[in-house]
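# Observations on the model geometry
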Amino acid sequence: SLLAFDESKSIEENYERMSASLGDVVSGSVTTAVRDTTIDGLEIHENDNLGMVDGKIVVSNPDMMETLEETFAHMLDEDSEIVTIYVGEDGSEELANELAQALAEKYEDVEVEIHQIKSLKWLGNGLSGGVFRQERRDMLYWYQYVKGEL
């Protein structure tokens, strides 16, 4: 919603613009499964990487890169414009760069940004809908992208 901010507009206008743009943001994350289970027909194994979109688990895969790519396949479409990758304190910037390159090749019209952050606490419930409740320092990615005109 920060992309909808316009300093020339009033507080009220910015509030309306930014609130309206929240519907165009999709968030995703990857974490590690702590036990074997099945959720919504998806078989999950302990230590698998779990890809989540808007808080719903959509991918379970032991390979991190495959998990990331499959998760993005659930998130991106022809209207997607921006992907922001946040790398946590213990996350792999190398893997984030590899992912950014793969996304740029597959989705030519999507701009990819990478940000290194020291703490995921600020994401909290406000920006990610509670996706990072675990507050793990190695939680690697949080994504967003904006669709359509702002």
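Keep in mind that what you see is a predicted model, and the values were worked out from it rather than measured.

A few words on helix H2 (residues 64–75). Relative to the 16 Å expected for 12 residues at 1.5 Å per residue, H2 spans 17 Å between its end C-alpha atoms, a close match to the ideal helical length. Considered for burial, the residues of H2 that qualify are Met65, Thr67, Leu68, Thr71, Phe72 and Met75. Axial view of H2: buried residues confined to an arc of 160°, hence all on one face. At the N-terminal boundary of H2, the capping side chain belongs to Asp63, with an oxygen 3.3 Å from the backbone nitrogen of Met65.

Looking now at unusual backbone geometry. The backbone of Asp40 sits at a positive phi, close to 50°, despite the residue not being glycine. Along the polypeptide, Asp40 turns up in the loop between strand E2 (37–39) and strand E3 (42–44). With relative accessibility at 63%, the residue Asp40 sits in the exposed group. Unlike most non-glycine residues, Asn47 shows phi in positive territory, near 75°.

Burial within strand E4 (residues 49–53) is extensive, with 5 of its 5 residues counted as buried. Residues Asn49, Gly51 and Val53 line one face of E4 and the alternating positions Leu50 and Met52 line the opposite face, and both faces are buried. When E4 meets strand E5 (residues 56–61), the two strands line up antiparallel, connected through 5 bridges. By the bridge assignment, Leu50 is partnered in E5 with Ser60. Here E4 folds back onto E5, and the loop between the two strands holds 2 residues, one of which, Asp54, carries a positive phi near 50°.

Rules and cut-offs
Residues numbered from 1 in each chain as written. Predicted model: local features only at pLDDT ≥ 70, side-chain atom pairs only at ≥ 80, totals over all residues. Heavy atoms only, no water. Helix = DSSP H or I, 4+ residues; strand = E, 2+ residues; numbered from the N terminus. Expected span 1.5 Å × (residues − 1). Buried < 20%, exposed > 50% of the residue type's maximum accessible area, 1.4 Å probe, protein only. Arc of directions from axis to C-beta. Polar contact = N/O pair within 3.5 Å; in protein donor to acceptor, adjacent residues only side chain to side chain. Pairing = 2+ DSSP bridges.

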